[in-house]
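This is what each chain is made of:
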Amino acid sequence: MKIVKVLLIVFVVLLVIAGLGWQFWLKDQVAFAKVATAYGAKQVCSCLHVGERPLESCMDDFTVDISAVTVTDDGSVTTASVLGGLVKSEASFTPGLGCTLVKP
């Protein structure tokens, strides 16, 4: 019975630590990743389709290191993702209107 009580206390303490980690650190990191991928998708989409530049040239436009962001383009949809696709954003090109963010 004593071992069960100790394991329960350890589990509760770990759960509290995980909750605090989410509240004060991870939540902000996920929000930053969402903004970064949306910005990247929109910028690269506009560069590729409106500016008619190659992808390598578009990636040079960023002033910060975006090596963690993966950008792909398949025709009229540009996708930017991080963490292996866990957080991603898409931008779609419409002729005459330009690029807009869309829900993936």
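Now for a description of the structure that goes with this document.

Reading guide: rules and limits
Residues numbered from 1 in each chain as written. Predicted model: local features only at pLDDT ≥ 70, side-chain atom pairs only at ≥ 80, totals over all residues. Heavy atoms only, no water. Buried < 20%, exposed > 50% of the residue type's maximum accessible area, 1.4 Å probe, protein only. Helix = DSSP H or I, 4+ residues; strand = E, 2+ residues; numbered from the N terminus. Pairing = 2+ DSSP bridges. Phe/Tyr/Trp six-rings, centres within 6.5 Å; stacked < 30°, edge-to-face > 60°. Contact = heavy atoms within 4.5 Å. Disulfide = S-S within 2.5 Å. Axes fitted to C-alpha atoms, helices over the stretch in contact; angles between N-to-C directions.

## Describing the pairing of strand 2 (residues 77-82)
1) Next: Here strand 2 lies mainly inside the structure; five of its six residues are buried.
2) Next: Two strands pair when backbone bridges link them, and strand 1 (residues 70-74) and strand 2 are joined in this way by five bridges, in the antiparallel orientation. Residue pairing across strands places D73 opposite T78, the latter belonging to strand 2.
3) Next: Linking two consecutive strands that pair antiparallel, namely strand 1 and strand 2, is a turn of two residues; a positive phi of about 85 degrees is found at G75 within it.
4) Next: One ladder, built from six bridges, connects strand 2 with strand 3 (residues 87-94); its direction is antiparallel. Considered in strand 3, the bridge of T78 is made with A91.
5) Next: Count of turn residues in the strand 2/strand 3 antiparallel hairpin: four residues, of which L83 carries a positive phi of about 55 degrees.

## Quick look at the packing of aromatic side chains
1) Next: Counting across every chain of the model gives one aromatic pair.
2) Next: Where Y39 meets F62, the ring centres are 5.9 Å apart and the plane angle is 75 degrees; that geometry is what we call edge-to-face. Pair noted here: Y39 is in helix 1 (residues 2-50) and F62 is in the loop between helix 2 (55-59) and strand 1, with a separation of 23 residues, a long-range link.
3) Next: Owing to a relative accessible area of 49%, Y39 belongs among the partly exposed residues under this scheme.

## Quick notes on the environment of V71
1) Next: Here V71 shows up in strand 1.
2) Next: The class for V71 is buried, based on a relative accessible area of 13%.
3) Next: Taking the C-alpha atoms as reference points, V71 and M59, 12 residues apart in sequence, are found 9.0 Å from one another.
4) Next: When residues no more than four places from it in sequence are discounted, the contact partners of V71 are V44, L55, M59, T78, T79 and A80.

## Here's the deal with the state of the cysteines
Disulfide: a covalent bond connecting the sulfur atoms of a pair of cysteines.
1) Next: One pass over the structure, following the stated rule, counts two disulfides.
2) Next: Covalent S-S linkage joins C45 and C99, the inter-sulfur distance amounting to 2.2 Å. Looking down the S-S bond of the C45 and C99 bridge, the torsion is -75 degrees, so its handedness is left-handed. Taken together, the residues C45 in helix 1 and C99 in strand 4 (residues 98-102) connect sequence positions 54 residues apart. Take C45 and C99: they sit in the same class, and that class is buried.
3) Next: Note on cysteine connectivity: C47 is disulfide-linked to C58, with sulfurs 2.0 Å apart. As the torsion about the S-S bond is roughly -90 degrees, the C47-C58 disulfide counts as left-handed.

## Comments concerning the sheet that holds strand 1
In a beta sheet, neighbouring strands are held together by backbone hydrogen bonds and run either parallel or antiparallel to one another.
1) Next: Within the open sheet, the four strands sit side by side as 1-2-3-4. Their pairing is antiparallel. With one partner strand each, in any of the chains shown, strand 1 and strand 4 form the two edges of the open sheet. Across the sheet, the axes of successive neighbouring strands diverge by a mean angle of 20 degrees, strand direction being ignored.
2) Next: In the sheet, strand 3 pairs with strand 4 via five bridges, with the strands oriented antiparallel.

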